[in-house]
Amino acid sequence: MSSNTLRTILIVGAAVAAVSVAACKKTAEENTAAANAAEANANAAEATTNAAYAAANAAEANANAVTATSNAAEANANSVAPH
């Protein structure tokens, strides 16, 4: 697992724990506010994870483009090399 994935899991776990603790000690209105805050934290963590996936996909696409360029150069070199 990447550090971003582990970070996301940690944040979501902390949010769930915060809601659990808050539910035991607060009124219904306070519980709703705590749940909303936890949901916002979870959404932020998900956004961070999605951004990390997008960056990884972009890096992979770049690596694939570089490999394709290298393969084309190799093929060209092989085609013009004396046999």
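Our subject is the structure listed above.
Scoring rules and cut-offs
Residues numbered from 1 in each chain as written. Predicted model: local features only at pLDDT ≥ 70, side-chain atom pairs only at ≥ 80, totals over all residues. Heavy atoms only, no water. Helix = DSSP H or I, 4+ residues; strand = E, 2+ residues; numbered from the N terminus. Rg over C-alpha atoms; globule rule 2.2 N^0.38 Å. Buried < 20%, exposed > 50% of the residue type's maximum accessible area, 1.4 Å probe, protein only. Areas by Shrake-Rupley, 256 points an atom, 1.4 Å probe, with all protein chains shown as cover. Contact = heavy atoms within 4.5 Å. Polar contact = N/O pair within 3.5 Å; in protein donor to acceptor, adjacent residues only side chain to side chain. Expected span 1.5 Å × (residues − 1).

Asker: Can you walk me through the overall build of the protein chain in this structure?
Answerer: Of regular secondary structure, the protein chain possesses two helices and zero strands. The C-alpha radius of gyration computed for the protein chain amounts to 24 Å, which surpasses the reference 12 Å derived for 83 residues by more than 25%, pointing to a less compact arrangement than a globule. With respect to the principal axes defined by its C-alpha atoms, the protein chain has extents near 85 × 20 × 10 Å. The buried share of the protein chain, taken over its 83 residues, is 7%. Counting every atom, the protein chain has about 6000 Å² of accessible surface; 62% of that belongs to carbon and sulfur.

Asker: Please clarify how the environment of Gly13 should be interpreted in this entry.
Answerer: Assignment of secondary structure puts Gly13 in helix α1 (residues 3–25). With a relative accessible area of 37%, Gly13 lands in the partly exposed category. As for Gly13 and Ala38, which are separated by 25 residues in sequence, their C-alpha atoms are 9.7 Å apart.

Asker: Please clarify how the side chain of Thr49 should be interpreted in this entry.
Answerer: Within the fold, Thr49 resides in helix α2 (residues 28–80). With relative accessibility at 11%, the residue Thr49 sits in the buried group. Setting aside residues no more than four positions away along its own chain, Thr49 makes contact with Asn4 and Thr8.

Asker: Can you walk me through the side chain of Thr8 in this structure?
Answerer: Along the chain, Thr8 turns up in helix α1. Among the residues examined, Thr8 registers a relative accessible area of 13% and is labelled buried. One polar contact links Thr8 to Thr49, side chain to side chain, over a distance of 2.4 Å. Thr8 has contacts with Ala45 and Thr49, leaving out every residue within four places of it along the chain.

Asker: Explanation requested: the environment of Ala73 in the structure shown.
Answerer: Locating Ala73 in the fold gives a position in helix α2. Classification of Ala73 as partly exposed rests on a relative accessible area of 46%. Taking C-alpha positions, Ala73 is 51 Å from Glu39, a pair spaced 34 residues apart along the chain.

Asker: Even after reading the chapter, I still don't get α2, so can you show me in this structure?
Answerer: Each turn of an α-helix holds 3.6 residues, which means side chains three or four residues apart point in the same direction. Compared with the 78 Å implied by 1.5 Å per residue over 53 residues, the 78 Å span of α2 between its first and last C-alpha is a close match. Burial in α2 covers these residues: Ala38, Ala45 and Thr49.

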